[in-house]
Each structure stands twice: as C-alpha cells, then as structure tokens.
Amino acid sequence: MGYYNNPSGQPKPRRAGTFLAGLAGVAIGALLVWLLFSSVPGLAPKNDTATSTQLAETDRQSATASVEITTDVTEAVEKAADAVVGVTNLQAANDFWSQGQGQEQAVGTGSGVIYKNEGGKAYVVTNHHVIEGASGIELTLSDGTKVEATLVGSDIWTDLAVLEMDDANVPDVAELGDSDVLKRGETVIAIGNPLGLDFSGSVTTGVVSGTDRAVPVDLDGNGSEDWQAEVLQTDAAINPGNSGGALVNLAGQLIGINSMKIATDAVEGIGFAIPINSALPVIESIEQNGEMIRPAMGITLMDLVQVPQAQREETLNLPADVKEGIVVNSVVDGSAAAKAGMQQFDVIVEMDGEPVGDIIELRKHLYNEKKIGDTLAVKAYRNGELMDFELELVDNSAL
C-alpha cells in the first residue's frame, strides 16, 4: 500500500518524496530572501512602533514650524510706519456752572506724518480739517508716547496743516518721494489711524487709480463748489481717521498725504491723497509765513473738457482743433487779470510759452514757477482769436 511499480520494477515512495521536495524549495527560497534583505538593508521592513514614533515627531515639527514672510510691502511699511503719528484735536468744553470754558476734550482724531527734524524741533504735516477749531493738539507717536504739538499754520484750500513739536521722542522721519513719476497701476500703501487710535498704524494697500485728478470741494458747506482739489486717486482703503496719514510707494517713500474719499452707497474704492510734490510748496510757505501765500491771477476757472461741444461753438467760438484749455468763468474787479484786460469766456491755452491743458497744469505753473510780483505771459482765445496778455501777479490774500 503506499507504493507503486515503475518500469524498472523498483518500488518508490509517493507522498513522502513530494513533501520533502517542497520543504527543500521553501528553505531555499527563505534563504534567498534573507540574503537579499541582508545585502540591501533599506528593503527590510521597519518596526511599526518606531515608524509611528517618527511620524508623530514629524507632525509635531510641522505644526510648530514658523516662516517669516518678507515682501516689498512689508519692507516699505517697516521703513515708513514710525513716521506716521496720531493727531488728536482738543477743544475746550463749555463749563455750565461757571459759564466759561472747562477742560479740553478730544473732539476728533486723524493722522499726520513727521517729515522734518531740525533745530530741536520736529515738523508734522496733516490735513487742515483734522485740526480745524483746535485749542490744543496732541500727537501719539508709533510707540504710544503722547506729545503736545503747536500749530504752525494751515491752508484751507489745499487742506494742509503743519504742526511743530519737540524732537526728543521722534522715532523716525519720512523719506520724501516724487509724486510726478507715479504710474497708474503702481502699488501704494496707506498708513494711518482709521476710526481713531484704537486702530493706530493700520495698513491698507492698493494701486494708483489715477493721477492729476481735480475734485470739486465745498469748503464752507453751502452746497456749492469753492475749489478744485488737486489729488491722486487710489483704491487703497482710506477711512475717517486716515486723514493726514501717509501714502507711500514700494520704496517706503512718502508720495501723498491721505485726504478724503467718496463715501456713497454706489461708490467703492475711490480715495484721494494730496501729491507730495503739490504739498511741498504749501508746507514750505506755512513753515516760513504761517500761511500759504500764493501769486494770484484773480479769476475763477473751468476745464474746457467740462464744456459741451455746442457751448464751445456758440459761446466760446473756439476753433475746431482746440481740444484742451481753461475757461475763465469770472474775473475779479481790480485783479491782475482785470488790469491785463482778460474777460469771462476767454480760454487760456498757454502760460509763459508752455501749453496748459487743464486747471491742474495751470496751478502747477502758477504756484511752482511764479512768485508774487512776477509777470505772467498768457495766451488765450477770445471769439476764435488767439490773444496775448501780461499779468503782474499779486498776493492772493489781497483779493
């Protein structure tokens, strides 16, 4: 039983031989696998407990890793932020019992920028409307230090004011940039104190939406336009309290003084800043004289682009190729323009041999290139005829 006959006639084992052959094959295979893993250690399976521990340690390291991000914006903010201060308008409150004035109280908060430090004094530029009516002014520096400031002077027309303080605690002074080289789409950063000192040093970013904007301003609140402010347009968020703060470029240079925004339900992202190149002549005049003294022509103006084509042809009688210029709306009696013979509806196209296309270009030339007592050569169209005028400029305060 258990044996069978082969052709040789010799009996052989059947099941035992098969079992021994299989066992030998398994042993040889195991030996080969052992030799393979021994020669290549990386192929050997790792201890499960050790692997779990290493993964846990990796997870902890990932959770606690800290990466410091530095960008052009963060570098610009670091450079400019310490020159921005809070400006608190203090006004004396009426004392009911004594019928006199009691302790000063804060009635408003804005922002300002330290732009100069010399002779033991530091100078801050802010908006006129931030300090208007103040009986006292308190500055809050970037580190929280409170400093008393005095008003050097202000200018309602450009909405600028200059403050003076002791320089003992001044942390930094802003580096001035060049607002004339700004491009639409260029990144800018607004730094200030929106909604008060609780949000001091707030930073918002945006782009230059437009340069050389002229925005109508009602200075006396009577609902009529008194002035056209020369401003930069930006979509960087500018809120109450940002007024007087810094608008800086990616180099951290001051290129504008934040001033106002259009705040209606239908408008979003339209804010304005006074270009630093326009602000500097005002700042310097206030430092020297306590006010802005301007050379004046004695006229009110309107950009030609605001005049409908029909009125250009019928009232102004302009040649068809005249597309830019400034329309004289009215002439002040006894002014430089009146003495030179200028009249309503004259259209100014040139000053001192340089073409002028709008009110901003006219003001830049008048305020940056001319002084009181200078003679100004003007070319203007009247009823289609190009005429020459010479104006002897006078002090604007005399009109």
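Each value, and the rule that gives it
- Residues numbered from 1 in each chain as written.
- Predicted model: local features only at pLDDT ≥ 70, side-chain atom pairs only at ≥ 80, totals over all residues.
- Heavy atoms only, no water.
- Helix = DSSP H or I, 4+ residues; strand = E, 2+ residues; numbered from the N terminus.
- Contact = heavy atoms within 4.5 Å.
- Areas by Shrake-Rupley, 256 points an atom, 1.4 Å probe, with all protein chains shown as cover.
- Phe/Tyr/Trp six-rings, centres within 6.5 Å; stacked < 30°, edge-to-face > 60°.
- Buried < 20%, exposed > 50% of the residue type's maximum accessible area, 1.4 Å probe, protein only.
- Lys NZ or Arg CZ within 6 Å of the ring centre and 35° of its normal.
- pLDDT = per-residue confidence, 0-100.
- Salt bridge = Lys/Arg side-chain N within 4 Å of Asp/Glu carboxyl O.
- Core = buried A, V, L, I, M, F, W, Y, C linked by side-chain atoms within 4.5 Å.
- Pairing = 2+ DSSP bridges.
- Patch = residues over 30% accessible without salt bridge, like charges linked within 9 Å, V, L, I, M, F, W, Y side chains within 5 Å.
- Lys, Arg positive; Asp, Glu negative; His and termini not counted.
- Charge placed at Lys NZ, Arg CZ, Asp CG, Glu CD.
- Polar contact = N/O pair within 3.5 Å; in protein donor to acceptor, adjacent residues only side chain to side chain.

Q: How should the overall build of the protein chain be read in this particular structure?
A: From N to C terminus, the protein chain includes eight helices and 22 strands. Taking as baseline every contact in the protein chain between residues at least 6 positions apart, the subset at least 24 positions apart corresponds to 60%. With an accessible surface of roughly 22400 Å², the protein chain has 51% of that area assigned to carbon and sulfur atoms.

Q: Teacher, can you tell me more about the packing of aromatic side chains here?
A: Working definition: an aromatic ring pair is given by the centre-to-centre distance plus the angle between the planes. Within this structure, the stated rule accounts for one aromatic pair. On the numbers, 6.5 Å between centres and 45° between planes, the contact of Tyr115 with Tyr123 is tilted. Of the two residues, Tyr115 and Tyr123, both sit in the buried class. One cation-aromatic arrangement involves Arg294 over Tyr367; the distance from NZ or CZ to the ring centre is 5.5 Å.

Q: Before we go on, may I ask you to explain unusual backbone geometry in this structure?
A: Although it is not a glycine, Asp212 sits at a positive phi angle of roughly 55°. Along the chain, Asp212 falls in strand E10 (residues 202-217). For Asp212, a relative accessible area of 42% translates into the label partly exposed. Although it is not a glycine, Asn383 adopts a positive phi angle of roughly 55°. By the element assignment, Asn383 lies in the loop between strand E20 (375-382) and strand E21 (385-392). Its relative accessible area of 55% is what places Asn383 among the exposed residues.

Q: I would appreciate a short explanation of the confidence of the model for the protein chain in the present structure.
A: Per-residue confidence for the protein chain averages 83 on the pLDDT scale, and 77% of its residues sit at or above 70. Counting contacts from residues 1-10, a segment whose pLDDT is below 50, to residues more than four positions away or on other chains yields nine contacts.

Q: Explanation requested: the pattern of salt bridges in the structure shown.
A: Side chains that differ in sign of charge can pair as their charged atoms come close. Applying the stated criterion across every chain, the model contains nine salt bridges. Among the ionic pairs, Lys116 bridges to Glu287, the shortest N-O distance being 2.8 Å. Residue Lys116 is found in strand E4 (residues 100-118), and its partner Glu287 is found in helix H5 (residues 276-289); the two are separated by 171 residues along the sequence. Look at Lys116 and you get partly exposed, because its relative accessible area is 23%. Of the charged contacts, one joins Asp388 and Lys379 as a salt bridge, the two residues approaching to 2.6 Å between their closest N and O atoms. Take Lys379: its relative accessible area is 25%, and that puts it in the partly exposed class. Salt bridges sharing partners connect three or more residues here, namely Lys116, Glu118 and Glu287.

Q: Got a minute to help me understand the nonpolar core in this structure?
A: Formed by 25 residues in total, the largest nonpolar core has its most connected members in Val113, Val125, Leu160, Leu254 and Ile257. The element contributing the most residues to this core is H5, with five residues. Once you skip the residues sitting within four places of it in the chain, Val113 turns out to touch Ala83, Tyr123, Val124, Val125, Ala174, Gly244, Gly245, Ala246, Leu254 and Ile257. Formed by 19 residues, the second largest nonpolar core is a distinct cluster that contains Ala336, Ala337, Val356 and Ala380.

Q: What's the story with the environment of Ile238 in this structure? I'm lost.
A: Among the structural elements, Ile238 can be located in the loop between strand E11 (227-234) and strand E12 (246-248). The class of Ile238 is buried, set by a relative accessible area of 4%. With 48 residues separating them along the chain, Ile238 and Ala190 place their C-alpha atoms 7.3 Å apart.

Q: What exactly am I supposed to notice about the pairing of E11 here?
A: Looking down a regular strand, the side chains alternate between one sheet face and the other. Taking burial as the measure, the eight residues of E11 include eight buried ones, the bulk of the element. Because side chains alternate across E11, one face comprises the buried residues Trp227, Ala229, Val231 and Gln233, and the other comprises Gln228, Glu230, Leu232 and Thr234, equally buried. Direction of pairing for E10 relative to E11: antiparallel, over a ladder of seven bridges. Within the sheet, the bridge partner assigned to Gly210 lies in E11 and is Gln233. Bridge count for E11 against strand E14 (residues 271-275) is three bridges, and the pairing is antiparallel. Along E14, the bridge assignment pairs Thr234 with Gly271.

Q: Can you help me understand a negative patch on the surface in this one?
A: Residues Glu68, Asp72, Glu75, Glu78, Asp82, Asp143 and Asp172 make up a contiguous surface patch of negative charge. As for its placement among the helices and strands, Asp82 is situated in the loop between helix H3 (72-80) and strand E3 (84-95). Using a relative accessible area of 33% as the deciding quantity, one classes Asp82 as partly exposed.

Q: How should the side chain of Asp155 be read in this particular structure?
A: Following the sequence through the fold, Asp155 ends up in strand E7 (residues 146-155). The class of Asp155 is buried, set by a relative accessible area of 5%. In terms of polar contacts, Asp155 uses its side chain to reach the side chain of Thr158, at 2.5 Å. Within the structure, the side chain of Asp155 is placed 2.4 Å from the side chain of Arg294, a separation counted as a polar contact. Apart from the residues lying within four places of it in its own chain, the contact partners of Asp155 are His128, Leu160, Val282, Ile286, Met292 and Arg294.

Q: What is the right way to read the pairing of E10 from this model?
A: As paired elements, strand E9 (residues 187-192) and E10 share six bridges and run antiparallel to each other. Of the residues in E10, the one forming a bridge with Ala190 is Thr204.

Q: Looking at this model, I keep getting lost on the side chain of Arg312. Mind explaining?
A: Within the element layout of this structure, Arg312 appears in helix H6 (residues 309-316). Apart from the residues lying within four places of it in its own chain, the contact partners of Arg312 are Leu304, Val305, Val307, Asn317, Leu318, Val322 and Lys323.

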